[in-house]
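Residue-level listing of the chains:
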Amino acid sequence: DFLLPGKNNPCCLILPGGGYSKKAWDHEGIEIAEWLNKIGISALVLDYRISPYGGDAYVADAQQAIRQIRSRAEEFGIDLNRLGICGFSAGGHLAGYCATMYDDPALRPDFAILCYAVLSLKQGETHEGTARNFLRTYGDAEENRKLHSPVQHVTNDCPPMFLWTTAGDKTVPPMPNTFAMHEACRKAGVPARMEYYDHGSHGLGIPKNDPVIASWTVACEEWLKELKIID
């Protein structure tokens, strides 16, 4: 874990991507935790279940982690009211799910950072591997694809969201995912910021060889300051 010393630190739960068939542990997990630590946020990278399990297991793992962190906030030196979630690709689907579909206020993250996230599971809009692995539990019917798409569940209760993606992402199409989520937030009155880069492929994390795309971290830090998550 990447828990900072002291008390009442903000914290972020990180969900690396990998289509629910593997986890991009380093560049969408460890490196993200190190960046969050640098800007004053404690971090935990979740080793959630993946295929052959289905969506019910993934959601249970993420929600259980949120519950656990809140219940152990004092022990971890964490501020209960500044607990966010950050996800990449399929991990972004899971983070988006947690940010839009919670039936208990204790499970609602205080902010969400969604990086080239799979936010629609609908046919022709999604990354099929991610959708298939998630829907293993529920069946592939179009109504289930819609039901488990975070973009369909944005209400004014949802936490503020930071989203970013790239024009060259052929894996998770920006328009029906990141763009649609930003628009859904706007319509619901949820504070949201979106960064869109005119080049770059899928799955970049914080790319060392592309300072333009890597600057999403700078934009995100500014946004976290605006929200008073960090000083």
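On a predicted model such as this, the values are computed, not experimentally measured, just so you know. (Residues numbered from 1 in each chain as written. Predicted model: local features only at pLDDT ≥ 70, side-chain atom pairs only at ≥ 80, totals over all residues. Heavy atoms only, no water.)

**Points about the overall build of the protein**
To be explicit about the condition: A run of DSSP states H or I qualifies as a helix once it reaches four residues; a run of E qualifies as a strand once it reaches two. Both are numbered from the N-terminal end. The size measure is the radius of gyration over C-alpha atoms, and the globule rule it meets is 2.2 Å times the number of residues to the 0.38 power. Burial here depends on accessible area, computed with a 1.4 Å probe over protein chains only, as a share of the maximum for the residue type. Under 20% is buried, over 50% is exposed, and the range in between is partly exposed. In this analysis, two residues are considered to be in contact whenever any of their non-hydrogen atoms come within 4.5 Å of each other.
The secondary structure content of the protein amounts to nine helices and six strands. Taking 2.2 N^0.38 as the reference for a compact globule, 231 residues should give roughly 17 Å; the C-alpha atoms of the protein span a radius of gyration of 16 Å, in line with that estimate. With the C-alpha coordinates aligned to their principal axes, the bounding extent of the protein is approximately 50 × 35 × 35 Å. Looking at the 231 residues of the protein, the share that counts as buried comes to 57%. Sequence separation of 24 or more characterises 77% of the internal contacts of the protein that already satisfy a separation of 6 or more.

**Here's the deal with the sheet that holds strand 5 (residues 161-166)**
Paired through their backbone hydrogen bonds, the strands of a sheet run either parallel or antiparallel. For clarity, the threshold we go by: Two strands pair under a simple rule: DSSP has to find at least two bridges between them. Comment: axis = line fitted to C-alpha atoms, over the contacting stretch for helices; angle = value between 0 and 180 degrees taken between N-to-C directions.
The strand order 2-1-3-4-5-6 describes an open sheet built from six strands, whose pairing is parallel. Taken across any chain shown, the strands that pair with only one partner, and hence form the sheet edges, are strand 2 (42-45) and strand 6 (192-197). Neighbouring strand axes in the sheet, compared pairwise and without regard to direction, differ in orientation by 15° on average. Direction of pairing for strand 4 (residues 111-115) relative to strand 5: parallel, over a ladder of four bridges. Directly across from Cys 115, in strand 5, lies its bridge partner Trp 164. Against the sheet, helix 2 (residues 55-71) engages strand 1 (9-15), strand 2 and strand 3 (78-88), with an angle of about 155° to strand 3.

**A word on the pairing of strand 3**
Filter applied, for reference: Orient the strands so they point away from the viewer, and a crossover whose first-strand-to-second-strand path over the helix runs clockwise is right-handed.
Of all the eleven residues making up strand 3, nine are buried; the element is thus mostly covered by neighbouring parts of the structure. For strand 1 and strand 3, the ladder comprises six bridges, and the chain directions are parallel. Residue pairing for strand 3: Leu 13 is matched across the bridge by Ile 85. Pairing of strand 3 with strand 4, which is carried by five bridges, proceeds in the parallel orientation. Residue pairing across strands places Gly 87 opposite Leu 114, the latter belonging to strand 4. With helix 4 (residues 90-100) bridging strand 3 and its parallel neighbour strand 4, the resulting β-α-β unit is right-handed.

**Points about unusual backbone geometry**
Following Ser 51, the chain continues into Pro 52 via a peptide bond in cis, with omega recorded as 15°. Mapped onto the elements, Pro 52 comes out in the loop between strand 2 and helix 2. Phi at Asn 8 is positive, roughly 55°, even though this residue is not glycine. You can see Asn 8 is positioned in the segment before strand 1. On the basis of relative accessible area, Asn 8 is assigned to the exposed category, the value being 51%.

**Looking at the pattern of salt bridges**
Which entries qualify depends on this criterion: Here a salt bridge means any side-chain nitrogen of Lys or Arg lying within 4 Å of a carboxyl oxygen belonging to Asp or Glu.
Counted by the stated rule, this structure contains 16 salt bridges. A salt bridge links Glu 128 to Arg 145; the nearest nitrogen and oxygen atoms lie 2.9 Å apart. With Glu 128 in helix 5 (residues 128-135) and Arg 145 in helix 6 (residues 142-147), this residue pair connects regions lying 17 residues apart in the sequence. Take Glu 128: its relative accessible area is 25%, and that puts it in the partly exposed class. Residue class for Arg 145 comes out buried when judged on its relative accessible area of 0%. For Arg 145, the salt bridge is made with Asp 140, and the minimal N-O distance between the two is 2.9 Å. When its relative accessible area of 45% is taken as the criterion, Asp 140 is described as partly exposed. When salt bridges that share partners are traced, they join Glu 128, Arg 132, Asp 140 and Arg 145 into one network.

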